[in-house]
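Chain and residue survey
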Amino acid sequence: MNVREATSADEQTLLDFTNAIFGENWDRPWRPPEVTPALFQGKLVLLAEDDGAPVGFAFGELDPRGYAHVNIVYVVPERRRQGVTKALLGEFGSRALEQGIEHLTLDVATRNHVAQEVWERLGFSEWGRRLTVPVERLEQRAAGGESFASLHVQTDDLDAVEAAVAKYLSRLGGAGARVEGPRGGWVVAYLELADRRARDRLASELSNATAAVVCAIGIEEGAVVRYVLFERGSVVDEYQSVPEHFGPLPPGDVVALGANPTVVSRLTGAEPARVRAVARTAPTVGELPPAEELLQEVAEVLGLEGAGRG
């Protein structure tokens, strides 16, 4: 097998190979670029041949600032797992070293596990993550409102809750907790933990420490009502008024973010029919009542006083 730098005579082969790889595994959330000779301008383009027949190619750029980046590696299906990729990348690496470049980078889709294994066997390691977001969603989030919540512990023992909050809050980077109650059989904690994962962790710890049911309930980004019910430290029910507000979810996860009236009834004494009627979900924020209003409606059904800001 021979690996050489492509020439203008190889143009159609390069275009065919590029169309093939885009058709085979393009999984980015935007459309692929137009496949024209302009894709290869200013790039290092290597072609692998066997007995004069092209079997694969790689192209990318050699950056004099210290790294080389491979845009695409493609091998025809019948020649995969026969060392073509190694040969292409080996030659690409040699060209980089000739220019004093010591590092080679490439991108791989998170769901392309086969490719990840190939690159890892060749010595590549992960050093960062490339993230993407639809611009419209980013604008919505950037203009989003305040997030806040309260933790409700199903107990009359105010001292036990205060002690547990003081013990675990500092570990999660929180401060300024206020514990009040009991109110209708629940002690309420208000605290400065903006991250909902940290709030959920604290709620889980409180449930373990007090052996009580705990409900974390509030509003995310001024738009979405959310609660999580914990029993013995584990999540037993979760509700989010707009399930896919933070991004697309599998259908099963969308269903799971609807309130479970049977579980809610067992833990709080709420009437299942009222839970079903009030804790509703929708595809968009505009299809539901204002978040503050919906929060109070849901809290009332669950028997929680002072939900949210207090």
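Going by the structure above, here's the rest.
These remarks concern the structure in this document. Owing to the predicted nature of the structure, the values given are computational and were not obtained by experimental measurement. The residue numbers shown here count from 1 along each chain, following its written sequence. With pLDDT at 70 or above as the cut-off, local features in this predicted model cover only qualifying residues; side-chain atom pairs require 80 or more to be listed or tallied, and sums for whole chains, interfaces and linings still use all residues. Side-chain calculation: all heavy atoms of the structure are included, whereas hydrogens and water are not.

**Regarding the overall build of the protein**
Per the secondary structure count, the protein includes ten helices and eleven strands. Under the scheme applied here, a residue whose accessible area is under 20% of the maximum for its type counts as buried, over 50% as exposed, and between as partly exposed, the area being computed with a 1.4 Å probe on protein chains only. Burial analysis of the protein (310 residues in total) assigns 40% to the buried set. In the protein, of all internal contacts separated by at least 6 residues, the share reaching a separation of at least 24 is 59%. If you sum the accessible surface of the protein, you get close to 17,100 Å²; carbon and sulfur atoms cover 48% of it. Distance between charge centroids for the protein: 2 Å, based on 31 positive and 46 negative side chains. Numbered from the N terminus, helices here are DSSP runs of H or I no shorter than four residues, and strands are runs of E no shorter than two. Working rule for contacts: check all heavy atoms of both residues, and any pair within 4.5 Å makes them a contact. Surface exposure here means Shrake-Rupley accessible area, sampled with a 1.4 Å probe, where a residue is shielded only by the protein chains that are shown. Charge convention: Lys and Arg are scored as positive, Asp and Glu as negative, and His as well as the terminal groups of each chain are ignored. One atom stands in for each charge, and that atom is NZ of Lys, CZ of Arg, CG of Asp or CD of Glu.

**Observations regarding the sheet that holds strand β2 (residues 44–50)**
Spatially, the five strands line up as an open sheet ordered β1-β2-β3-β4-β5, and their pairing is mixed. Of all strands in the sheet, those bounded by a partner on one side alone are β1 (2–5) and β5 (103–106). Pairs of neighbouring strands in the sheet enclose a mean axial angle of 30 degrees, with direction left out of account. Strand pairing is assigned whenever DSSP identifies at least 2 bridges connecting the two strands. Examined bridge by bridge, β2 and strand β3 (residues 53–63) share seven bridges and lie antiparallel to one another. If you follow Leu47 over to β3, its bridge partner there is Phe57. Here the axes come from fitting lines to C-alpha atoms, over the contacting stretch only for helices, and the angles between their N-to-C directions go from 0 to 180 degrees.

**Here we look at the sheet that holds strand β7 (residues 178–183)**
Taken in spatial order, the six strands of this open sheet run β7-β8-β6-β9-β10-β11, and their pairing is antiparallel. Because the sheet does not close on itself, it has two edges, and the strands there are β7 and β11 (234–240). On average, each strand axis in the sheet is inclined to that of its neighbour by 20 degrees, with strand direction left out of account. Here strand β9 (residues 214–220) pairs with strand β10 (residues 224–231) via seven bridges, running antiparallel. Pairing of Ile219 across the sheet is with Val225, part of β10. Running over the sheet, helix α8 (residues 261–268) touches β8 (186–190), β10 and β11 and is turned about 60 degrees from β10.

**Details of helix α6 (residues 196–210)**
When the terminal C-alpha atoms of α6 are compared, their 21 Å separation across 15 residues agrees well with the 21 Å that a helix rising 1.5 Å per residue should span. Buried within α6 we find Ala198, Arg199, Asp200, Leu202, Ala203, Ser204, Leu206 and Ser207. Of the surrounding secondary structure, the elements contacted by the buried residues of α6 are β6 (148–153), α5 (158–169), β9 and β10. In the stretch just after α6, Ala211 is the one whose phi turns positive, near 55 degrees. One fewer than the residue count of a helix, multiplied by 1.5 Å, yields its expected span.

**Re the pattern of salt bridges**
Whenever Lys or Arg places a side-chain nitrogen within 4 Å of a carboxyl oxygen from Asp or Glu, that contact is recorded as a salt bridge. Enumeration according to the criterion identifies 15 salt bridges in this entry. Across the pair Arg4 and Glu49 runs a salt bridge whose closest N-O atoms are separated by 2.9 Å. Placement of Arg4 in strand β1 and of Glu49 in strand β2 is noted, with a sequence separation of 45 residues between them. Overall, Arg4 belongs to the partly exposed group, its relative accessible area being 22%. Judged by relative accessible area, Glu49 falls into the buried class, the value being 14%. Salt-bridge contacts for Glu5 lead to Arg95; the nearest nitrogen and oxygen are separated by 2.8 Å. With Glu5 in strand β1 and Arg95 in helix α2 (residues 84–98), the pair connects residues that are 90 residues apart, well separated along the chain. Given a relative accessible area of 40%, Glu5 falls into the partly exposed group. Among the charged side chains, a network of salt bridges with common partners joins Arg4, Asp10 and Glu49.

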